[in-house]
Amino acid sequence: MMLTFKKTKTMLMAGAAALLMTHSAMAAEMTLKLGHLANEQNAWHKAAVKFGEELSKLTDGRIDVQVFPNETLGKEIDLINGMQLGSVDMTITGESLQNWAPMAALLAVPYAYSSLEEMDEVASGDIGKKIEEQIIERARIRPIAYFARGPRDLTSNRPIKTPADLDGLKLRVPNVPLFVDVWKTLGARPTPMAFSEVFTSLQAGTIDAQENPLALIESASFNEVQKYVNKTEHVRSWIYLTISEITWQKLSDEDKKAVMEAANRAQKFERGLFLDDEKRLTKELQDKGMTFVDVDQAAFAKQAEAAVLKNVSDDIRPIVEDLFAKKK
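Residues numbered from 1 in each chain as written. Predicted model: local features only at pLDDT ≥ 70, side-chain atom pairs only at ≥ 80, totals over all residues. Heavy atoms only, no water.

1. Quick word on the side chain of Arg 142
Phase 1: Inspection of the secondary structure puts Arg 142 in strand β4 (residues 141–156).
Phase 2: Among the polar contacts listed, one links the side chain of Arg 142 to the side chain of Glu 245, at a separation of 3.0 Å.
Phase 3: Sequence-distant contacts of Arg 142, defined by excluding residues within four places in its chain, comprise Ile 136, Leu 241, Thr 242, Ile 243, Glu 245, Trp 248 and Gln 249. (Helix = DSSP H or I, 4+ residues; strand = E, 2+ residues; numbered from the N terminus. Polar contact = N/O pair within 3.5 Å; in protein donor to acceptor, adjacent residues only side chain to side chain. Contact = heavy atoms within 4.5 Å.)

And the structure:
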């Protein structure tokens, strides 16, 4: 008798669980797949999850968002291609979009933005709107929010305060012609190199320095082979939370408003995480023995200007010229 009761109870519990799952599946009329390259600890991922939570609330659970971190849904360019075909709904992407929309290069131009506030002014203003319009028109994906990225700083084993201090410095840079030319103009000896080779090259003395945001400086343990973080902040940039234009056009006007409101909430949430992260990373690197050096950023920007203008495309050169002119 007892066995029959337990068996019946188990069957009832299983049935209730199945009913809940069915109800949940029925409640979500649309499921959006959002893939990106960051890990679960990254502020972008946390903001993507927040977006999904807010969208679910705003639509009474009718729209569900599944977030796939760590490139599990595909690499950045693959995701963009998938969004253009309608097989992927959303991703987080930035200057890679210049492959379709040349104005997307404005997301990461050296010394174009001297502060977070200045970057915000551009990203949320008329220039930002023009960038977004071109991305929608040419890439067929729609930016709905933007997240800040940590500025790139120079690490070294001697303090760097002015461009003159760069003389002869062997510096690893990404294989981007613009970056190579800018650092040459500033007086360094830039060497393109895969990121995976940087630590051992610094350790062996093949190179003297490298440049990256604080998050990568910390995660790559560069504190073990570099003494100084020189606050060059030479590249400030942002990255977009985007939705496929195919998916966007399937939404009702009401749901489009809900998506934009959820994106706005996610953007504010991410900014808080970003600012907290920058403070935390500064303290952690200092605790690990690194010294932060204030740099004459205006002198760096002035000397870099000609190289930047020479390397940017005709599509954005007038805008970059205006951005530099405002600093004078």
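Having seen the model, we can carry on.
2. Some thoughts on the nonpolar core
Phase 1: Core analysis: the biggest nonpolar cluster contains 57 residues, and Leu 106, Ile 135, Leu 166 and Trp 238 have the highest contact counts within it.
Phase 2: In contact with Leu 166, other than residues within four places in its own chain, are Leu 154, Arg 158, Ile 160, Trp 183, Leu 186, Gly 187, Ala 188 and Phe 300.
Phase 3: Judged by nonpolar contacts, the second largest core, of 25 residues, contains Ile 144, Ala 258, Ala 263 and Ala 266. (Core = buried A, V, L, I, M, F, W, Y, C linked by side-chain atoms within 4.5 Å. Buried < 20%, exposed > 50% of the residue type's maximum accessible area, 1.4 Å probe, protein only.)

3. Thoughts on the packing of aromatic side chains
Phase 1: Taken as a whole and judged by the stated rule, the model has four aromatic pairs.
Phase 2: Consider the rings of Tyr 146 and Trp 238, whose centres lie 6.4 Å apart with planes at 65°: the pair is edge-to-face. Linking Tyr 146 in strand β4 with Trp 238 in strand β8 (residues 228–244), this pair joins segments that are 92 residues apart in sequence.
Phase 3: Judged by relative accessible area, which is 9%, Tyr 146 ranks as buried.
Phase 4: On the numbers, 5.9 Å between centres and 70° between planes, the contact of Phe 195 with Phe 222 is edge-to-face. Residue Phe 195 is found in the loop between β6 (189–192) and α7 (198–204), and its partner Phe 222 is found in the loop between α8 (214–219) and β8; the two are separated by 27 residues along the sequence.
Phase 5: According to the relative accessible area criterion, Phe 222 is buried, its value standing at 1%.
Phase 6: Three or more aromatic residues joined by ring pairs form one cluster here, namely Tyr 113, Tyr 146, Trp 238 and Tyr 240. (Phe/Tyr/Trp six-rings, centres within 6.5 Å; stacked < 30°, edge-to-face > 60°.)

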